[in-house]
Amino acid sequence: AVHQYAEALSHQHRVSLAGVVLSNGTLLTADMVNQMQSLGLRLMISLDGLGDGHNCHRSYTDGYGSFEAVSKAIDRAVSYGLIPDISITVSGRNIEGLPELVEWLLLRDLPFSLNFYREHDRSSSDSDLHLEEKKIIEGMLKTYKVIEANLPQRSLLTSLADCANFTAPHLRTCNVGQSYLVFDSPGRVAKCQMDIDDTITDIHDPDPLSRVCENLEGIQSVSVEEKQECSDCQWRYWCAGGCPLLTHRVTGSYNLKSPNCTMYKTLYPEVIRLEGLRVLHYSS
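Because the structure is a prediction, the values reported are computed rather than measured. (Residues numbered from 1 in each chain as written. Predicted model: local features only at pLDDT ≥ 70, side-chain atom pairs only at ≥ 80, totals over all residues. Heavy atoms only, no water.)

A separate point is the side chain of Thr143. Structurally, Thr143 can be placed in helix 6 (residues 133-149). Within polar-contact distance, the side chain of Thr143 engages the backbone oxygen of Gly139 at 2.8 Å. Thr143 has contacts with Leu98, Pro99, Val102 and Leu114, leaving out every residue within four places of it along the chain. (Helix = DSSP H or I, 4+ residues; strand = E, 2+ residues; numbered from the N terminus. Polar contact = N/O pair within 3.5 Å; in protein donor to acceptor, adjacent residues only side chain to side chain. Contact = heavy atoms within 4.5 Å.)

Quick look at the structure:
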């Protein structure tokens, strides 16, 4: 109903609209899949590993893992012709199983993206989730080797290195504080889903986006050209300084480089190389 309402408004104002359902996949039914298809909605499902590689991130409140339910949901969507995008959260817990997961997805020709774990208030005590630099780099490079041996037909430029987008230069990693907002189930509006408890207004506000843009407290998306440690970096317009909320939580500033900077600089050349190999492979 929300999507249909948005579609009606988009036609009225001549604005293009793309809809995606983000899901953990545990309760996906055939009826839901059919409804998404009839509405032209995309589906994105979170899958962080095979078996325990996923369950260590996403278990039910009784401690039982959700991998079986999620894998069945993926198969169900595919069987009905709705190809899901797979969102993979990479952390210290699941990095060793990442090559196996990516090979599983490549053999099924499923699109996916690799996203680094971002600490939030409810997970800050889980030290094994944190991104230990050397361990993450080693695991990512092993994963890239798997991709090189199973090059997909679809582009890799937006999927292999966390927040990086190599399709076009940009000054900000995301549009937080600019043209983006989130709201929770009671209708309170915040700048970012990772900071959803820090609300600014609610959906009864006639112009909630303006309230978000005017707010100078909380998360700020600073142009990469204003970041002190990014101005001379060759990757600055592709990285844009990384997630601003993560940077602030680690450094206390929005104007400094991402704490993942070394990982990014190590991985970016490999992403470009893989995309080049992919283009050469399929050009023939």
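Among the nonpolar cores identified, the biggest contains 53 residues, and Ile88, Phe112, Leu114, Met140, Tyr144 and Ile147 are the most heavily contacted of them. Going through the elements one at a time, helix 2 (30-39), strand 2 (42-46), helix 4 (67-79), strand 3 (85-90), helix 5 (98-107), strand 4 (112-116), helix 6 and helix 10 (261-283) are the ones with two or more residues in this core. Contact partners of Leu114, with chain neighbours within four places excluded, come to Ile88, Val90, Leu98, Val102, Met140, Thr143, Tyr144, Ser159, Leu160, Ala161 and Asp162. The next biggest cluster of nonpolar side chains, apart from the first, holds eight residues, and it includes Val176, Val222, Cys243 and Tyr254. (Core = buried A, V, L, I, M, F, W, Y, C linked by side-chain atoms within 4.5 Å. Buried < 20%, exposed > 50% of the residue type's maximum accessible area, 1.4 Å probe, protein only.)

What follows is about the pairing of strand 4. Where burial is concerned, most of strand 4 is hidden: four out of the five residues are buried. One ladder, built from five bridges, connects strand 3 with strand 4; its direction is parallel. Within strand 4, the residue paired with Ile88 across the bridge is Leu114. Note on the crossover from strand 3 through helix 5 to strand 4: the handedness is right-handed. (Pairing = 2+ DSSP bridges. Right-handed = clockwise from strand over helix to strand, strands pointing away.)

Quick look at the packing of aromatic side chains now. Per the counting criterion, the structure on display carries five aromatic pairs. For the pair Phe116 and Tyr264, a centre-to-centre distance of 6.1 Å together with 0 degrees between the ring planes defines the contact as stacked. One end of the pair, Phe116, is in strand 4; the other, Tyr264, is in helix 10, with 148 residues separating them in the sequence. Of the two residues, Phe116 and Tyr264, both sit in the buried class. Judged by centre distance (5.1 Å) and plane angle (90 degrees), the rings of Phe166 and Tyr268 are edge-to-face. Of this pair, Phe166 sits in the loop between helix 6 and strand 5 (182-183) while Tyr268 sits in helix 10, and the two are 102 residues apart along the sequence. Members of the aromatic cluster, connected to one another through ring pairs, are Phe116, Phe166, Trp235, Tyr264 and Tyr268. (Phe/Tyr/Trp six-rings, centres within 6.5 Å; stacked < 30°, edge-to-face > 60°.)

Here the focus is the sheet that holds strand 5. Two strands in a sheet stick together by hydrogen bonds in their backbones, pointing the same way (parallel) or opposite ways (antiparallel). Ordered in space as 5-6-7, the three strands form an open sheet in which the pairing is antiparallel. The strands lining the two open edges of the sheet, one partner per strand, are strand 5 and strand 7 (199-202).

This next bit is on the sheet that holds strand 3. Taken in spatial order, the four strands of this open sheet run 1-2-3-4, and their pairing is parallel. Bordering the open sheet on either side are strand 1 (20-23) and strand 4, each of which pairs with just one other strand. Looking at each pair of strands side by side, their axes are set apart by 25 degrees on average, direction ignored. Where strand 1 lies against strand 2, four bridges are found, and the strand directions are parallel. The residue of strand 2 that forms the bridge with Leu22 is Met44. Against the sheet, helix 6 makes contact with strand 3 and strand 4, and its axis sits at roughly 170 degrees relative to strand 4, the strand it touches most. (Axes fitted to C-alpha atoms, helices over the stretch in contact; angles between N-to-C directions.)

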